[in-house]
Amino acid sequence: MKTTLHQLNQPNDALIELGSKIQSHMETFDGIPSDSRTKQIIGECIPYASKPDYQNAAMRMDFIFNEIGVVCCMGTTATLSRRLLASIHYHSQDMIEGVVMIAHSYTNTVNMANRGRIKKIHGNGNRASTQSLISTISVLGTTFSCPIIILEIQE
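Remember, it's a predicted structure, so these values are computed and weren't measured experimentally.

Caption draft 1: Summary view of the overall build of the chain. For the chain, the count of helices and strands is five helices and five strands. When the helices and strands of the chain are read in sequence order from the N terminus, they spell out β-α-α-β-β-α-β-α-α-β. Against the 2.2 N^0.38 benchmark of 15 Å for 155 residues, the chain shows a C-alpha radius of gyration of 15 Å, consistent with a compact globule. When its C-alpha atoms are laid out on the principal axes, the chain stretches across 50 × 35 × 30 Å. Residue burial in the chain is summarised as follows: out of 155 residues, 46% are buried. Element-wise, carbon and sulfur atoms account for 50% of the exposed surface of the chain, whose accessible area totals about 7,900 Å². Side-chain charges in the chain split into 13 positive and 13 negative, and the spacing between the mean points of these groups amounts to 14 Å.

Pasting the structure below:
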């Protein structure tokens, strides 16, 4: 699969290095991965990362590795908002210094929304894309100060 790396809020070298490592590993796979498959791929790439125990789905952070959070932002835009909320929480509590988020390109979300449908829909059916993630972060402004790497999965 092809991925593009986006940087926001001045990520440090360790965050860029981890994002690049995950990106290189992901590019060895084919297809458009689901949320659970993406977590498996990341787990293979950073096997020593801890998996935080979250009691509430809104606080999901898939992995923490050397004070860097890693989370998949797939599903609906409501899911995306939950991942941003969790990132704000973990960062404000000094549990992470930055976060790597993995999201699909807009084209992938359209393909996924239409997968298995006889009558195709226009658009992506409110699925979270990298573009919607970046747009939401920009609207949050200084509320979201966490350094971030976004890995955009493309077909």
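Caption draft 2: The arrangement of the packing of helix α3 (residues 77-92) against helix α5 (residues 130-140) in detail. Interhelical geometry of α3 versus α5 gives an angle of 50 degrees and a closest axis separation of 11 Å. As judged from the angle between their axes, α3 and α5 are oblique. Our pair here, α3 against α5, has a crossing hand that is right-handed. Every residue of α5 that contacts α3 at T77, L80 and L84 is listed here: S132, L133, T136, I137 and L140.

Caption draft 3: How the structure looks around helix α2 (residues 35-45). Within the span of α2, buried status applies to D35, T38, I41, I42 and C45. Across the axial projection of α2, the buried residues extend over an arc of 120 degrees, all falling on one side. Buried residues in α2 make contact with α1 (13-26), β2 (63-65), β3 (68-72), β4 (98-104) and β5 (148-154).

Caption draft 4: Main features of the side chain of Q154. Counting through the fold element by element, Q154 comes out in strand β5. Looking at Q154, its side chain comes within polar contact range of the side chain of T4, at 3.1 Å. Not counting chain neighbours up to four residues away, the residues in contact with Q154 comprise M1, K2, T3, T4, S105 and N108.

Caption draft 5: Region of the structure containing α1. With 14 residues, α1 ought to run about 20 Å at 1.5 Å a step, and its terminal C-alpha atoms sit 20 Å apart, in line with that. Within α1, burial applies to L15, L18, G19, I22, Q23 and M26. The arc that holds every buried residue of α1, seen down its axis, measures 135 degrees, which confines them to one face. For α1, exposure combined with an orientation more than 90 degrees from the buried face picks out D13 and E17.

Rules used throughout
- Residues numbered from 1 in each chain as written.
- Predicted model: local features only at pLDDT ≥ 70, side-chain atom pairs only at ≥ 80, totals over all residues.
- Heavy atoms only, no water.
- Helix = DSSP H or I, 4+ residues; strand = E, 2+ residues; numbered from the N terminus.
- Rg over C-alpha atoms; globule rule 2.2 N^0.38 Å.
- Buried < 20%, exposed > 50% of the residue type's maximum accessible area, 1.4 Å probe, protein only.
- Areas by Shrake-Rupley, 256 points an atom, 1.4 Å probe, with all protein chains shown as cover.
- Lys, Arg positive; Asp, Glu negative; His and termini not counted.
- Charge placed at Lys NZ, Arg CZ, Asp CG, Glu CD.
- Axes fitted to C-alpha atoms, helices over the stretch in contact; angles between N-to-C directions.
- Parallel < 35°, antiparallel > 145°, perpendicular 65-115°, else oblique.
- Left-handed = near helix turned anticlockwise from the far one by under 90°.
- Contact = heavy atoms within 4.5 Å.
- Arc of directions from axis to C-beta.
- Polar contact = N/O pair within 3.5 Å; in protein donor to acceptor, adjacent residues only side chain to side chain.
- Expected span 1.5 Å × (residues − 1).

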